[in-house]
Amino acid sequence: MKSDQDLDISEALDALQDWTQPALDGEVLICECFCVSVNDIRSTCPEGLDLDLLAQRFGFGTGCMTCLKDLPKWKSLVFEIK
Ligand code: FES
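The structure contained in this document is the topic of the report that follows. What you are looking at is a predicted structure, and each value in this text was computed from that prediction instead of being measured. (Residues numbered from 1 in each chain as written. Predicted model: local features only at pLDDT ≥ 70, side-chain atom pairs only at ≥ 80, totals over all residues. Heavy atoms only, no water.)

Before going further, it helps to examine the environment of E27. Inspection of the secondary structure puts E27 in the loop between α1 (4–18) and β1 (29–31). For E27 and S37, which are 10 residues apart along the polypeptide, the C-alpha to C-alpha distance reads 5.6 Å. E27 has contacts with S37 and N39, leaving out every residue within four places of it along the chain. (Helix = DSSP H or I, 4+ residues; strand = E, 2+ residues; numbered from the N terminus. Contact = heavy atoms within 4.5 Å.)

Laid out in structure tokens, this is it:
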């Protein structure tokens, strides 16, 4: 038998599964060294993230590399996961 606390936790977990993070605004800079925005990435990589292409076109990731280190944080916000 489940306690009230177990039920509360179960409801919270269900709510979290329905929660999705909003996509990033297109003007947000992902690579600040080379001013590469979310829109730049989306328009350059319509089929999915291509870091080599972004590096060739903008220099993306060839400066301080913070944008590459933060890839796990922003990738799913730039490209909607379906
Ligand atoms: S933020 Fe992308 S190279 Fe520095």
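For the coordinates displayed, the defined rule picks out 1 aromatic pair. Note on F60 and W74: the rings are 6.0 Å apart at their centroids and 75° apart in plane angle, and the pair reads as edge-to-face. With F60 in the loop between α3 (51–58) and α4 (66–69) and W74 in helix α5 (residues 71–78), this residue pair connects regions lying 14 residues apart in the sequence. (Phe/Tyr/Trp six-rings, centres within 6.5 Å; stacked < 30°, edge-to-face > 60°.)

Let us look at α3. The periodicity of an α-helix, 3.6 residues per turn, causes residues three or four positions apart to be oriented the same way. The residue sitting at the N-terminus of α3 and contributing the capping side-chain oxygen is D50; that oxygen lies 3.2 Å from the backbone nitrogen of D52. After α3 finishes, the residue G59 shows a positive phi value of roughly 85°. (Polar contact = N/O pair within 3.5 Å; in protein donor to acceptor, adjacent residues only side chain to side chain.)

On to unusual backbone geometry. Located in the positive-phi region is C35, a residue other than glycine, with phi close to 55°. Mapped onto the elements of the fold, C35 is located in the loop between β1 and β2 (36–37). The exposed category is assigned to C35, whose relative accessible area is 51%. Although it is not a glycine, M65 adopts a positive phi angle of roughly 75°. Position of M65 among the secondary structure elements: in the loop between α3 and α4. Assessed through its relative accessible area of 42%, M65 is described here as partly exposed. (Buried < 20%, exposed > 50% of the residue type's maximum accessible area, 1.4 Å probe, protein only.)

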